[in-house]
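# Breakdown of the fold
So the chains spell out like this:
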Amino acid sequence: MNQTLYSQLEFSISKDRLDEYARTLNTTKSKTIFTYYMLNSELSKSLYIPLKNLEVALRNNIHNALSSFYDNELWYETDGLLLANEIKKINEVKQKLKSSNKEITSSDIVAGLSFGFWTALFSKPYEQKIWIKHTKEIFPNIPKSMKNRNNLSSKVNTIRYFRNRVFHFEPIFNKSNLKSVYVDVLNMIKWLNTALYDITIEFDEFEKVCKNETKNTVKKLNNVSERYDKNNTKL
């Protein structure tokens, strides 16, 4: 890889970030390091649609189920339903909307809550309050074998870990359970909404990226590197 190109990339991406890839790959070769850096970006990009669709569907299905049960879109204000930490997060969203001079609506609050808020609702204190009563409404297509808060909590929190790594640009290419998490994301989307699952599959790029691995990444990097080689000495 052209060293001038790599040096310029390293300047803005940061040496510390690229060094993390060097340690993981146990190499000092700039081409290998940046190949996997960009492969990681391709993998993260391919997971964006599935993760986005899961997050949006999950929060809306929970919101719709609880709004219907309490006959109130402000279900989150029901006394005794939420724990202190979740109430705090809702109040933070309300304050943020208020500071922006926006109307405080249930839709804005639901959209403004983090994925961590929704995954927290899978914890044990919500077993009786939510999951014993509303699992089938929230996940209308869930198999009986998976209709269990513990199973759902384990999957959704593993997904949350990967979701955060993707959205914070952290390495995921080296995670041994990456493909199984991807399958769990698709399954949960299917359990939430089969139409959304069909759309997700149609636009999905993850399998293609995995199949090609570094092949397309190397080709694209070579194209850029060759343009630099015309004016710089190749090392």
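Residues numbered from 1 in each chain as written. Predicted model: local features only at pLDDT ≥ 70, side-chain atom pairs only at ≥ 80, totals over all residues. Heavy atoms only, no water.

## Description of the environment of Ile132
Structurally, Ile132 can be placed in helix H7 (residues 127-138). A C-alpha to C-alpha distance of 8.3 Å links Ile132 and Arg149, two positions 17 residues apart in sequence. (Helix = DSSP H or I, 4+ residues; strand = E, 2+ residues; numbered from the N terminus.)

## Examining the nonpolar core
With 63 residues, the main nonpolar core has Leu43, Leu58, Leu82, Trp118 and Phe139 as its most contacted residues. Take this core: its biggest share by element is 13 residues, from helix H3 (residues 30-70). Other than its neighbours up to four places away in sequence, Leu43 contacts Ile172, Phe173, Leu178, Phe206, Val209 and Cys210. (Core = buried A, V, L, I, M, F, W, Y, C linked by side-chain atoms within 4.5 Å. Buried < 20%, exposed > 50% of the residue type's maximum accessible area, 1.4 Å probe, protein only. Contact = heavy atoms within 4.5 Å.)

## Some details on empty space enclosed by the protein
Counted by the stated rule, this structure contains one cavity of 30 Å³ or more. The space that makes up the largest cavity amounts to roughly 40 Å³. As for the largest cavity, its lining consists of Leu47, Leu51, Phe162, Leu178, Val181, Tyr182 and Val185. Elements that contribute at least two residues to the lining of the largest cavity include exactly H3 and helix H9 (178-192). (1 Å grid on protein atoms, 1.4 Å probe; cavity = no way out; pocket = protein on both sides within 12 Å on 5 of 7 lines; lining within 4 Å. Points joined across faces, edges and corners; volume = space filled by probe spheres on them.)

## Focus on H7
Compared with an ideal rise of 1.5 Å per residue, which puts twelve residues at 16 Å, H7 spans 14 Å between its outermost C-alpha atoms and falls more than 12% short. Within the sequence span of H7, burial applies to Ile130, Trp131, His134, Thr135 and Ile138. An end-on view of H7 places all buried positions within 150 degrees of arc, on one side of the element. Opposite the packed face of H7, turned more than 90 degrees from it, sit the exposed residues Gln128 and Ile132. Tucked into the core, H7 has its buried residues touching H3, helix H8 (149-167) and H9. (Expected span 1.5 Å × (residues − 1). Arc of directions from axis to C-beta.)

## Some remarks on the packing of aromatic side chains
With the rule as written, the count across this model stands at 15 aromatic pairs. Here Tyr36 and Phe173 contribute two aromatic rings whose centre-to-centre distance is 5.3 Å and whose plane-to-plane angle is 45 degrees, an arrangement assigned as tilted. Here Tyr36, found in helix H3, pairs with Phe173, found in the loop between H8 and H9; they are 137 residues apart in sequence, far enough to count as distant. The buried category is assigned to Phe173, whose relative accessible area is 17%. Aromatic pair Tyr161 and Phe162: ring centres 5.5 Å apart, planes at 85 degrees, arrangement edge-to-face. Classification of Phe162 by relative accessible area gives buried; the value is 4%. (Phe/Tyr/Trp six-rings, centres within 6.5 Å; stacked < 30°, edge-to-face > 60°.)

Remember, this is a structural readout, not a statement about activity or role.
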